[in-house]
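# Geometric and topological summary
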Amino acid sequence: MTMCKSSLHLRAASSRAAEQMFEQVLWSVVFPLLAACVVLGVVCYPRILARHMWLCRAAVVVAIVIAVVGSFFFSVGWPTWPPPQKWHGLPWLVMAIGSIGLIDACLPRGEWAGRVVLSIAAGLAAAWLLPLPDRLAITTGVIVGGAGLLTSLLEMPEQRSSLNIGGWAAATAMSMLALIANQVTLSLLAGAVAATCAATWVVGRILCGRMSRGGGAGGLVLGSVIAVIGLTAWSYDYDIVPQWAWLAAGAGFPLACMLEIGALKRWNGFIAASVRAIVLSTPPIIVVAIQFETVKGAMSG
């Protein structure tokens, strides 16, 4: 009889935990995603707007910022200034990076000098707004600014769909690693970014006939935001996740940049897009596969 009661209590506790997790995902991932999709639809559906490339790219930037800030709001509450905790500077930093990203969306293709300046600005904002434990401000700035520069260099018309897929894979891996590290809020934030990348890819495929050159991928904002979330979760991970996993989760971006110097730069069409997507998504997929059992344990716990 005692064993039966104990079993019933365990089932009830498991059911409550599942319901609580469902509510967290609904509020902190699904609702911000829906808001991001509204922005994409409003800007990218009307032909009079969708024909302007900079507007479509700016819409993706705004969608990513809305997803992150909305997820933070539903998980923690409205961000306050000054931040009560160090990592609570994250939404303010994302909004600052989003403002920089709107400038990036206006720059023409090949304007690398301007993008280097914008990446430096993003790095300086990260060094100021996100003081993390055991991380020098210059380290935070270099990582965030460098990640933003890589994705801004990769966001060319023939690569945007691949970059959406790569962003989805990297953000999903960061979400899983943050969950293993018991950083549930950061896991949900990364999940919101991953969902927005997937939605951006779907919108680009559905509305490709309306949108100028297939839309955008977020450029500088995509890489910077993924780096911000991943670096924050890593800083609060007390040796639960192997350090190489955090690095490998975002390794697709520098790898794709290195390959663009060589053979990939001369490729075009569907095969080239597929190869780029594979290069971008393979490292985070490998990370999740290696950590799969740990991920399952974290999700069931």
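Look a little higher up for the structure.
Reference entry: report on the structure contained in this document. (Residues numbered from 1 in each chain as written. Predicted model: local features only at pLDDT ≥ 70, side-chain atom pairs only at ≥ 80, totals over all residues. Heavy atoms only, no water.)

The subject of this paragraph is the overall build of the chain. Scanning the chain from terminus to terminus reveals 13 helices and 0 strands. Going from N to C terminus, the chain has its helices and strands arranged as α-α-α-α-α-α-α-α-α-α-α-α-α. Considering only intrachain contacts with a sequence separation of at least 6, the fraction spanning at least 24 residues in the chain is 78%. Put simply, the chain shows about 14,200 Å² of open surface, and 70% of that area lies on carbon and sulfur atoms. (Helix = DSSP H or I, 4+ residues; strand = E, 2+ residues; numbered from the N terminus. Contact = heavy atoms within 4.5 Å. Areas by Shrake-Rupley, 256 points an atom, 1.4 Å probe, with all protein chains shown as cover.)

This part covers the packing of helix α7 (residues 160-180) against helix α8 (residues 184-206). Between α7 and α8, the least distance of the axes is 8 Å, while the angle of their chain directions is 160°. Between α7 and α8, the interaxial angle falls into the category roughly antiparallel. For the pair α7 and α8, the crossing hand works out as left-handed. Each of S161, N164, I165, G167, W168, A171, T172, M174, S175, A178 and L179 in α7 lies in contact with α8, whose residues at this interface are V184, L186, S187, A190, G191, V193, A194, C197, A198, T200, W201 and R205. Here the contact of α7 with α8 is composed, by residue class, of 14 nonpolar, 8 polar and 1 charged. (Axes fitted to C-alpha atoms, helices over the stretch in contact; angles between N-to-C directions. Parallel < 35°, antiparallel > 145°, perpendicular 65-115°, else oblique. Left-handed = near helix turned anticlockwise from the far one by under 90°. Nonpolar A, V, L, I, M, F, W, Y, C, P; charged D, E, K, R; others polar.)

Before going further, it helps to examine the pattern of salt bridges. In total, this model carries 3 salt bridges according to the counting rule given. Across the pair D104 and R57 runs a salt bridge whose closest N-O atoms are separated by 3.7 Å. Linking D104 in helix α4 (residues 90-106) with R57 in helix α3 (residues 53-75), this pair joins segments that are 47 residues apart in sequence. Assigned by exposure class, D104 and R57 land together as buried. A salt bridge links E155 to R57, with the shortest nitrogen-to-oxygen separation between them at 3.0 Å. Here R57 lies in helix α3 and E155 lies in the loop between α6 (137-154) and α7, a separation of 98 residues in the sequence. (Salt bridge = Lys/Arg side-chain N within 4 Å of Asp/Glu carboxyl O. Buried < 20%, exposed > 50% of the residue type's maximum accessible area, 1.4 Å probe, protein only.)

A word on the environment of G191. In this fold, G191 is placed in helix α8. We classify G191 as buried; its relative accessible area is 17%. Non-local contacts of G191, meaning those with residues more than four positions away in its chain, are made with V29 and S175.

This brings us to the environment of G41. Counting through the fold element by element, G41 comes out in helix α1 (residues 2-44). Residue classification places G41 among the partly exposed residues on the basis of a relative accessible area of 28%. For the pair formed by G41 and L207, sequence separation is 166 residues and the distance between their alpha carbons is 9.3 Å.

As a further point, take α7. Taking 1.5 Å per residue, 21 residues should reach 30 Å; α7 reaches 30 Å between its end C-alpha atoms and fits that length. Counting buried positions over the 21 residues of α7 gives 17, a clear majority of the element. Of the residues one or two after α7, N182 is the one with positive phi, at around 65°. (Expected span 1.5 Å × (residues − 1).)

Cis geometry marks the peptide bond from W81 to P82; its omega dihedral reads -5°. Secondary-structure assignment places P82 in the loop between α3 and α4. Phi is positive for D134, close to 60°, though the residue is something other than glycine. With phi around 60°, D239 is a residue other than glycine that occupies positive phi space. Looking at where D239 falls in the secondary structure, it is placed in the loop between α9 (220-235) and α10 (243-249). Among the residues examined, D239 registers a relative accessible area of 72% and is labelled exposed.

This part takes up the packing of α7 against α9. Put simply, α7 and α9 touch, their axes get as near as 10 Å, and they point 10° apart. In terms of their interaxial angle, α7 and α9 are classed as roughly parallel. In this structure, α7 uses L163, G167, A170, A171, M174 and A178 to contact α9, whose residues at the interface are L222, I226, G230 and A233. A per-class count over the contact of α7 with α9 returns 8 nonpolar, 2 polar and no charged.

Another aspect to go through is the side chain of S187. Residue placement: S187 occurs in helix α8. When residues no more than four places from it in sequence are discounted, the contact partners of S187 are S175, A178 and L179.

Applying the stated criterion to the full structure yields 6 aromatic pairs. For the ring pair F73 and W78, a centre distance of 5.9 Å and an interplane angle of 70° mean the geometry is edge-to-face. We classify F73 as partly exposed; its relative accessible area is 37%. Put simply, the rings of F31, F73, F74 and W78 pair up and form one aromatic cluster. Lying across the ring of W234, R135 places its NZ or CZ 4.9 Å from the centre. (Phe/Tyr/Trp six-rings, centres within 6.5 Å; stacked < 30°, edge-to-face > 60°. Lys NZ or Arg CZ within 6 Å of the ring centre and 35° of its normal.)

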